Amino acid sequence: MAKMGKWIGGFLGLITAGPLGALAGFVLGAIFDSSVDAVNANGGEAYAQQHVYEGERNTFRFSLLVLASYIIKADGKVMHSEMNVVRNWLRVNFGEVAVEEGESILLKLFEQQRRLGAEEYRSAVISSCHQLRQNMLYEQRLQLLNFLAMIAQADGVVTPQEVSALKECAVGLGLSEADVDAMLNLKDAGTSLDAAYKVLGVAPTATDDEVKAAYRQLALKNHPDRVATLGEDVRKAAEKKFQEINAAKETIWKARGL
């Protein structure tokens, strides 16, 4: 467990308290405390500034695992394909060691879910979403939701329970249920007109001006540069999402002759 310190290294004031802090304390135990002590021992504004990006990145990574533990178990079972989405993301972005560490954290979160019971754990997760809403940038929360939607889609079937869990998390994060619908339709937006409209969040009866305005707003809040501080890996995922949004635009533009 000693290596787990890197999961909360840097300036991670956000998860030293509140519901995320409680979950981190259960998962990481003394490692969590020693990491916080290390920050305090080094001290100083310069140290905090130097590590703020690492802190944002690790907060995003740990928060993803917390919310993923809820989405994965939403239908009452842990699917290998869903776990693989998390494993592959960790492998590509943080290396093989992070896969083992991340899986260990997920298993402990599943253990905590069993220990607390479904309803109490749900409350802890939604409270964590509220905490992230207050401390994480809007665009970063959108990207977090994008990853959760990818996990839910991993086995090719998104159950009603998973959709409900995604929407609970989205609302808790200060996003909307329409954002969930958009994320779940991204991959089909280049070939399906219905999916494209759901991505833009407008009805097929919307005027051309309304569709164009919806696209501009969506493109602005999902631009990859807005999550650049989280690291190149997250930025690349945001670029893929941005390409899918543009594919939705092209599908609609072609249908309307724009």
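Source: prediction; values computed, not measured. Throughout this description, residue numbers start from 1 for each chain and increase along the sequence as written. Restriction of local features to residues with pLDDT of at least 70 applies here, the model being predicted, together with a cutoff of 80 or more for giving and counting side-chain atom pairs; totals for whole chains, interfaces and linings are based on all residues. Hydrogens and water are ignored here; the side-chain numbers use all heavy atoms of the structure.

S.K.: Give a description of the overall build of the protein that names residues and reports values.
M.R.: Secondary structure elements follow DSSP: runs of H or I no shorter than four residues count as helices, runs of E no shorter than two count as strands, and numbering proceeds from the N terminus. A tally of helices and strands in the protein yields 12 helices and zero strands. What you see in the protein, going N to C, is helices and strands ordered as α-α-α-α-α-α-α-α-α-α-α-α. Here's how the labels work: a residue is buried when its accessible area is under 20% of the maximum for its type, exposed when over 50%, partly exposed in between, all with a 1.4 Å probe on protein chains only. Classification of the 258 residues of the protein by burial places 50% in the buried group. Values of accessible area rely on a 1.4 Å probe in the Shrake-Rupley scheme; residue burial ignores everything except the protein chains shown. Put simply, the protein shows about 11800 Å² of open surface, and 52% of that area lies on carbon and sulfur atoms.

S.K.: Just give me the short version of the confidence of the model for the protein, but keep the residues and values in it.
M.R.: A residue's pLDDT is the confidence the predictor assigns to it, expressed on a 0 to 100 scale. In the predicted model, the protein carries a mean pLDDT of 81, and 82% of its residues have values of at least 70. Across the protein, helix α8 (residues 160–172) holds the top mean pLDDT of 95, while helix α2 (residues 30–42) sits lowest at 45. The model gives residues 8–13 a pLDDT under 50, and that stretch makes 22 contacts with residues more than four places away or in other chains. In the predicted structure, residues 30–52 sits below a pLDDT of 50 and forms 22 contacts with residues beyond four places in sequence or in another chain. Contacts: residue pairs with any heavy atoms within 4.5 Å of one another.

S.K.: Account for the pattern of salt bridges, naming residues and giving values.
M.R.: Salt bridge criterion: a side-chain nitrogen from Lys or Arg within 4 Å of a carboxyl oxygen from Asp or Glu. The full count for this structure, using the stated rule, is 14 salt bridges. The closest approach of N and O atoms between Asp 179 and Lys 221, which form a salt bridge, is 3.8 Å. Here Asp 179, found in helix α9 (residues 177–185), pairs with Lys 221, found in helix α11 (residues 208–221); they are 42 residues apart in sequence, far enough to count as distant. In this pair, the class of Asp 179 matches that of Lys 221, namely buried. Lys 187 is the partner of Asp 188 in a salt bridge, and the nearest nitrogen-oxygen pair spans 3.8 Å. Asp 188 gets classed as partly exposed once you look at its relative accessible area, which sits at 32%.

S.K.: Mind laying out the packing of aromatic side chains, listing which residues take part and the relevant values?
M.R.: Classification of ring pairs rests on two measures: the distance between centres of Phe, Tyr or Trp rings, Trp counted by its six-membered ring, which must be within 6.5 Å, and the angle between planes, read as stacked under 30 degrees, edge-to-face over 60 and tilted in between. Counting across every chain of the model gives four aromatic pairs. Aromatic pair Tyr 215 and Trp 253: ring centres 6.0 Å apart, planes at 65°, arrangement edge-to-face. In this pair, Tyr 215 is assigned in helix α11 and Trp 253 in helix α12 (residues 232–256), connecting sequence segments 38 residues apart. Clustering of aromatic rings is evident, with ring pairs tying together Phe 60, Trp 89 and Phe 147.

S.K.: Please set out the side chain of Gln 143 residue by residue, giving values where relevant.
M.R.: Of note, Gln 143 is situated in helix α7 (residues 138–152). We classify Gln 143 as buried; its relative accessible area is 0%. Contacts of Gln 143, omitting those with residues within four sequence positions, involve Phe 60, Val 227, Val 234, Ala 237, Ala 238 and Lys 241.

S.K.: Which residues make up the environment of Val 78, and what values do they have?
M.R.: Along the chain, Val 78 falls in the loop between α3 (45–72) and α4 (80–94). Apart from residues no more than four positions distant in its own chain, Val 78 is found in contact with Ile 72, Lys 73, Met 83 and Phe 110.

S.K.: Lay out α11 with the relevant residues and their values.
M.R.: In this analysis, the expected span of each helix is defined as 1.5 Å times one less than the number of residues it contains. In this model, α11 (14 residues) spans 20 Å end to end at C-alpha, consistent with the 20 Å of a helix rising 1.5 Å per residue. Taken together, the buried positions of α11 are Val 211, Ala 214, Tyr 215, Leu 218, Ala 219 and Lys 221. Buried residues belonging to α11 abut α7, α9, α10 (193–200) and α12.

S.K.: Give me the environment of Val 171: which residues, what numbers.
M.R.: Counting through the fold element by element, Val 171 comes out in helix α8. Beyond its immediate chain neighbours, meaning those up to four positions away, Val 171 contacts Arg 133 and Glu 177.

S.K.: Go over the packing of helix α6 (residues 118–135) against α8, please, and point to the residues and values.
M.R.: Only the stretch in contact is used when a helix axis is fitted, and all axes are lines through C-alpha atoms; the angle between N-to-C directions ranges over 0 to 180 degrees. The contact between α6 and α8 brings their axes to 7 Å, and the two run at 35°. Within the contact between the two elements, α6 uses Arg 122, Val 125, Ile 126, Cys 129, His 130 and Arg 133 and α8 uses Glu 168, Cys 169, Val 171 and Gly 172. Three classes are used: nonpolar for Ala, Val, Leu, Ile, Met, Phe, Trp, Tyr, Cys and Pro, charged for Asp, Glu, Lys and Arg, and polar for all others, with Gly counted as polar. Taken together, the residues that form the contact of α6 with α8 break down as five nonpolar, two polar and three charged.

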